[in-house]
Amino acid sequence: MMRCSLEVEEANDRAIAFYEREGFKRVDTTPDCGVKGSGIPAVIMEKVIW
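Only a predicted model underlies this, so the values are computations on that prediction, with no experimental measurement involved.

1. Some thoughts on the environment of Ala-17
Relative to the helices and strands, Ala-17 resides in helix α1 (residues 13-21). Separated by 27 residues in sequence, Ala-17 and Ile-44 have C-alpha atoms that sit 13 Å apart.

Encoded structure:
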């Protein structure tokens, strides 16, 4: 099974809704979107692609 994962800034409700419509599920959160120390909270989302 293969999974695609991504991070979306918690404040970006439109992007989160888009990815949920595309079948991504919220699996975790991180205090640092993109790079360690960014300080931007993010939702980690995944989708099984195969």
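2. Brief notes about the sheet that holds strand β2 (residues 25-30)
Pairing is antiparallel across the open sheet formed by three strands, whose spatial order is β1-β3-β2. This sheet does not close on itself; its edge strands, each paired only once, are β1 (3-9) and β2. Shown here is a sheet whose adjacent strand axes are inclined to one another by a mean of 30 degrees, direction ignored. Here β2 pairs with strand β3 (residues 42-48) via five bridges, running antiparallel. Across the sheet, Thr-30 pairs through a bridge with Ala-42, a residue of β3. In the packing of α1 onto the sheet, contacts are made with β1, β2 and β3, and the angle to β1 comes to roughly 160 degrees.

3. Observations regarding the environment of Ile-44
By the element assignment, Ile-44 lies in strand β3. Separated by 14 residues in the primary sequence, Ile-44 and Thr-30 have C-alpha atoms spaced 7.1 Å apart. Leave out the neighbours within four places in its chain, and Ile-44 touches Leu-6, Glu-7, Lys-25, Arg-26, Val-27, Asp-28, Thr-29 and Thr-30.

4. Here's the deal with a nonpolar patch on the surface
Residues Met-2, Ile-49 and Trp-50 make up a contiguous nonpolar surface patch of roughly 400 Å² in combined accessible area. On the secondary structure map, Met-2 appears in the segment before β1. Its relative accessible area of 41% is what places Met-2 among the partly exposed residues.

5. Details of the pairing of β3
The pairing of β1 with β3 spans seven bridges and is classified as antiparallel. Across the sheet, the residue bridging to Leu-6 is Met-45, located in β3.

6. A short note on the side chain of Thr-30
The residue Thr-30 is located in strand β2 in this model. Looking at Thr-30, the relative accessible area reads 16%, which means it is buried. Here the side chain of Thr-30 touches Asp-32 through a polar contact of 3.3 Å, landing on its backbone nitrogen. Once you skip the residues sitting within four places of it in the chain, Thr-30 turns out to touch Glu-7, Ile-40, Pro-41, Ala-42 and Ile-44.

Rules and cut-offs
- Residues numbered from 1 in each chain as written.
- Predicted model: local features only at pLDDT ≥ 70, side-chain atom pairs only at ≥ 80, totals over all residues.
- Heavy atoms only, no water.
- Helix = DSSP H or I, 4+ residues; strand = E, 2+ residues; numbered from the N terminus.
- Pairing = 2+ DSSP bridges.
- Axes fitted to C-alpha atoms, helices over the stretch in contact; angles between N-to-C directions.
- Contact = heavy atoms within 4.5 Å.
- Patch = residues over 30% accessible without salt bridge, like charges linked within 9 Å, V, L, I, M, F, W, Y side chains within 5 Å.
- Areas by Shrake-Rupley, 256 points an atom, 1.4 Å probe, with all protein chains shown as cover.
- Salt bridge = Lys/Arg side-chain N within 4 Å of Asp/Glu carboxyl O.
- Buried < 20%, exposed > 50% of the residue type's maximum accessible area, 1.4 Å probe, protein only.
- Polar contact = N/O pair within 3.5 Å; in protein donor to acceptor, adjacent residues only side chain to side chain.

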